[in-house]
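Chain residues, written in single-letter form:
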Amino acid sequence: MGRHFGRRRFLTVAAVAAAGAAVSFLPNPFAADDEKRNKDEKRNENVFFWKGVALGSGAELRLFGVDDRRAADLVNKVLAEVARLEKMFSLYREDSLISRLNRDGYLTSPPADFLELLSLCRDIHALTEGAFDPTVQALWKLYADYFAAHPDAETPPPQNSVDEALKRVGFGKVSFDDREIRFAEKGMGLSLNGIAQGYSGLTKTSTALPRLSSKRTIL
């Protein structure tokens, strides 16, 4: 039997999400604990190691057989690419493209990266028969607003409110091409938090690096 998604559970999930995604890049809080291990690795294998937060998730980069100066330059290139992607996909930036889309209900002249990620979402949505649906943002906002207004509540929002929010959920209600992205229903919203990190890390930030042997680079 499923448990109610009440205030306590919602706040736990929301706190974890916000703590990671509200910032772009943070130093690794456990860096001191890892310092000796990393120095040993570097001494033995000439490894450059970076660890921090990117796109709201933990991230690390290891470069093998690259001197410190070159490695630092490569890491800066990767972080610059992540910053570029955050300007598109971060819900915690009011000036991001996804925030503009959610606010206005449409986005004209979307960049190729945005369209590529939406195409990937469409494929996964179809393969999972709708289990993966990035238009869940309307439902998430309902819970966030409800518990903000009722901080002592231990039960979920009223079912009629949930049903109303669900009318604004459905990836089939999102149309997109190189001219614009548009929602079919007012009040819809996208959240790409479940896919943007992987897309950015594996597909895009790796292109910020020059051609390196797979034995020399780990993302």
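Data block above holds the structure.
Cut-off values and rules
- Residues numbered from 1 in each chain as written.
- Predicted model: local features only at pLDDT ≥ 70, side-chain atom pairs only at ≥ 80, totals over all residues.
- Heavy atoms only, no water.
- Pairing = 2+ DSSP bridges.
- Helix = DSSP H or I, 4+ residues; strand = E, 2+ residues; numbered from the N terminus.
- Axes fitted to C-alpha atoms, helices over the stretch in contact; angles between N-to-C directions.
- Contact = heavy atoms within 4.5 Å.
- Buried < 20%, exposed > 50% of the residue type's maximum accessible area, 1.4 Å probe, protein only.
- Expected span 1.5 Å × (residues − 1).
- Salt bridge = Lys/Arg side-chain N within 4 Å of Asp/Glu carboxyl O.
- Phe/Tyr/Trp six-rings, centres within 6.5 Å; stacked < 30°, edge-to-face > 60°.

Here three strands make up an open sheet; going across it, the order is β3-β5-β4 and the pairing antiparallel. Looking at strand neighbours, the two that pair on one side only are β3 (106-108) and β4 (174-176), the edges of this open sheet. In this sheet, neighbouring strand axes are inclined to one another by 10 degrees on average, regardless of whether the strands run parallel or antiparallel. Sheet topology places β3 next to strand β5 (residues 180-183); three bridges connect them, and they run antiparallel. Of the residues in β5, the one forming a bridge with L107 is I181. Of the strands in this sheet, β3, β4 and β5 are in contact with helix α5 (residues 112-127), which crosses β4 at around 135 degrees.

The buried count for strand β1 (residues 47-54) comes to seven of eight residues, which makes it a mostly enclosed element. Sheet topology note: the β1/strand β2 (residues 57-64) ladder contains eight bridges and is antiparallel. Following the sheet pairing, V47 is matched in β2 by F64.

Here α5 contains 16 residues, and its C-alpha end-to-end distance of 23 Å stays within 8% of the 22 Å for a straight helix at 1.5 Å per residue. Listing the buried residues of α5 in full gives D113, F114, L115, L117, L118, C121 and H125. Directly after α5, the chain includes E129, whose backbone phi takes a positive value near 55 degrees.

Going through the model one piece at a time under the given rule, you end up with eleven salt bridges. A salt bridge links E60 to R62; the shortest N-O distance between them is 3.4 Å. Taking relative accessible area as the criterion, E60 reaches 35% and is therefore assigned partly exposed. With a shortest N-O distance of 2.8 Å, D113 and R84 are connected by a salt bridge.

The subject of this paragraph is the packing of aromatic side chains. One pair of aromatic rings is described through two measures. These are the centre distance and the angle between the planes. Per the counting criterion, the structure on display carries four aromatic pairs. Between the aromatic rings of F89 and F114, the centroid separation amounts to 5.4 Å while the plane-to-plane angle is 70 degrees, which identifies the pairing as edge-to-face. Of the two residues, F89 sits in helix α3 (residues 68-89) while F114 sits in helix α5, which places them 25 residues apart along the sequence. For F89, a relative accessible area of 2% corresponds to the buried category. Under the relative-accessibility criterion, F114 is labelled buried at 0%. A ring pair is formed by F171 and F176, whose centres lie 6.4 Å apart and whose planes are at 55 degrees; its orientation type is tilted.

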